[in-house]
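Take a look at the letters that make up each chain.
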Amino acid sequence: MALTTLNLDLPTFAQIRSKQAAARLEAARRNIRTYKAALPTNQTSDWSLAQTSANAEVRRSLRGLRARSRELQRNNALFKRFVWMMGQNIVGPEGMTLSDVVDGDEENELDAELNEQIIKAFREWSLPENASTSGKLSWADQQKLAIETVARDGEVLIRKRIDAPNKFGFALQFLDVTWLDETFNAVLSNGNRVLMSVELDSFDRPVAYWLTRPSSDFLYPEYGPLKPRTRVPAEEIMHLFIVTEHEAQARGVPHGHAVMEMLNTLNGYVDGELYKNRAAACVTDYLIPPKNDEHNEFYEKDELQSVEGFESGAVRELDTAVQQILPPGWDIKSNDPNLPAGNFDPFVKGAERYVASGLNVPYFRLASDLEGVNYTSSRAGDNDARDLYRFFQRWLRDHFCRPVIFAWAREQLLHNAAPIRALDYARLNPTYNARGWDSVDPEKDSNAAVNNIDNALDTHTRVLAERGLDFRQVVKKLKREHQQLAEAGIVKPSKLKAQAAPPRRQGDPAESADD
């Protein structure tokens, strides 16, 4: 029998250590030109690495996001306040108002008069009976509804109606954005694509919208499942949303999408604590019956736990300022839940701060919590939030207010409800007065503004615009007030700056006492 020779040529410990060092060096070399967040580890195993487009992500999630966002506005106090804050701080009580319409010479009286006449006609159209097809919304109401809908749904759908039954022949009709069916996607014979009911050309510019009556509009079952689609040219539709990911994005997403899960979890936690505290408060004491082998001299057979009013499982109501004598052998156990728990308030505040950060609004404004807030912290928080509000004001002006005034003016060329000619339409360049904000410390900010104006570091126009006022309108009102005061013989006290007397040069005659 032949013996097999074993190969005992094993590596030495030095060779093993050398190979291990080389492997570590190679691994380090591979990781030098990479990002740690992209490495698959045990801690990042649930972190998605899917490569998708903005439209693909929106298509899968939009319907559920919108439904849950609407539910939060109905039943969540924080999100409801956020939506209100957006409308109140961006639009304000009066909305964006026209300052000028026609681009012309400010010194030209004809241009100034034309501006006043057009603004007056547009102000008349802004009334609810003219501005909306339903007669329910004024122009300011429509601006507020547009912003609040974008904050909640991520997008708003408005149709321009040139067949409105008013003397201007123009009105706006707000449509539920569910009229755009997310499941309708197609490639048309003309080469256009339909993404979530939005028809796009080769430049990704909307050319039409396919409206489908949502099933929620069929209030009666006899209508059946029929869902006819209607193609409406893009010239008649305003589909407004914030582009958050990519220019090719066809639909918008709710503003609070990143914090909706936290809001729902926080709402459930608060409800659980509330119900737990309520249940603990309702049950104050437990009555414990005696054991069966005790107090036999008092109870008859089988009557140990059936004393009237003290049956097992019975519930007894408590009266105030009353002490009750228990039957022999019965004991009492008090229920002291010591609620709420000490970590309730810190947890809720931490969650609310997380939500406020995701919504880009100050925590103390969102939660109405002014505890510990001072002038410096409130000013810093408000200034940061006002940058967000100014962004939305600019967005609302460019994407909603300007298209509306141009569409309204174009119809007036036919209806003559406003003095707009073709030449005037070509010169349209509307400017708006947006809502401003009061200062946290009005006296300090007013003094600073006066000082900046006196030193040519700022202008009256910008300072007044910061407060939502138009400089020319303020000047006109001041002039009219001065005229009315002068006609009434009322002298308005003026605040004059004290001027220091020039120093007296040597040799000048001293002022006499008589002077």
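Worth saying up front: this structure is predicted, and the values here are computed from it rather than measured.

J.: Would you explain unusual backbone geometry in this entry?
T.: Backbone phi values are negative for most residues with the exception of glycine, while trans is the configuration of most peptide bonds. Phi is positive for M196, which is not a glycine, with a value near 55°. The topology assignment puts M196 in the loop between β5 (193–195) and β6 (198–200). With phi around 55°, S368 is a residue other than glycine that occupies positive phi space. Structurally, S368 can be placed in the loop between α9 (363–366) and α10 (375–415).

J.: Can you walk me through the pattern of salt bridges in this structure?
T.: If the charged atoms of two oppositely charged side chains come close together, the side chains can form a pair. Within this structure, the stated rule accounts for 25 salt bridges. Across the salt bridge formed by R421 and D424, the nearest N and O atoms sit 3.0 Å from each other. Given a relative accessible area of 1%, D424 falls into the buried group. When salt bridges that share partners are traced, they join R63, R66, E155, D181, E182, R229 and R251 into one network.

J.: Help me out: how do you make sense of the packing of aromatic side chains in this one?
T.: In this description, a pair of aromatic rings is defined by centroid distance and the angle of the planes. Within the structure shown, the criterion is met by 15 aromatic pairs. Plain terms: the ring middles of F122 and W125 are 5.2 Å apart, the flat faces sit at 35° to each other, and that makes the pair tilted. Of this pair, F122 and W125 both sit in helix α4 (residues 109–125), three residues apart, which is roughly one turn of that helix. Side by side, F122 and W125 carry an identical accessibility label, which is buried. With 5.8 Å between their ring centres and 35° between their planes, W125 and F170 make a pair best called tilted. Of this pair, W125 sits in helix α4 while F170 is found in the loop between β2 (155–161) and β3 (171–175), placing the two residues 45 residues apart along the sequence. Here W125 matches F170 in class, with each residue buried. Three or more aromatic residues joined by ring pairs form one cluster here, namely F122, W125, W139, F168, F170, F400 and W408.

J.: Would you mind showing me how to read the nonpolar core here?
T.: Of all hydrophobic cores here, the largest spans 63 residues; its most connected members are F82, W125, L172, L366, F400 and W408. Counting residues per element, this core draws most heavily on α10, at 13 residues. Sequence-distant contacts of L172, that is, excluding residues within four places in its chain, are made with W125, A131, S132, T133, W139, Q142, I158, R159, K160, M238, F400 and V404. Judged by nonpolar contacts, the second largest core, of 18 residues, contains V198, Y209, L211 and A250.

J.: What's the story with the sheet that holds β3 in this structure? I'm lost.
T.: Strand pairing in a sheet relies on backbone hydrogen bonds, with the paired strands running either antiparallel or parallel. Spatially, the three strands line up as an open sheet ordered β3-β2-β9, and their pairing is antiparallel. Only two strands of the sheet have a single partner each, and these edge strands are β3 and β9 (237–241). Strand-to-strand twist of the sheet, defined as the mean angle between neighbouring strand axes without regard to direction, takes the value 25°. When β2 meets β3, the two strands line up antiparallel, connected through five bridges. Bridged to R159 within β3 is Q173. Strand contacts of α10: β2, β3 and β9, with the helix running at about 170° to β9, the strand carrying the most contacts.

Procedures and definitions
Numbering of residues starts from 1 in each chain and follows the order in which that chain's sequence is written. Local features in this predicted model are restricted to residues whose pLDDT is 70 or higher, and side-chain atom pairs enter the listing and the counts only when it is 80 or higher, whereas totals over whole chains, interfaces and linings include all residues. Each side-chain value is derived from all of the structure's non-hydrogen atoms; neither hydrogens nor water enter the calculation. We count a stretch as a helix when DSSP gives it H or I for four or more residues in a row; a strand needs E for two or more, and each element gets its number in order from the N terminus. Put simply, a salt bridge is a Lys or Arg side-chain nitrogen that is within 4 Å of an Asp or Glu carboxyl oxygen. Throughout this description, buried means an accessible area under 20% of the type-specific maximum (1.4 Å probe, protein chains only), exposed means over 50%, and partly exposed covers the range between. Any two of the Phe, Tyr and Trp rings considered here, Trp counted by its six-membered ring, make a pair once their centres fall within 6.5 Å; the pair's planes then place it as stacked at under 30 degrees, edge-to-face at over 60, or tilted in between. Buried Ala, Val, Leu, Ile, Met, Phe, Trp, Tyr and Cys residues form a nonpolar core when they are joined through side-chain atoms within 4.5 Å. Residue contacts are counted whenever heavy atoms from the two residues lie within 4.5 Å of one another. Strands are treated as partners if at least two bridges between them are detected by DSSP. In this analysis, axes come from line fits to C-alpha atoms, helices being fitted only over the stretch in contact, and the angle between any two N-to-C directions falls in the range 0 to 180 degrees.

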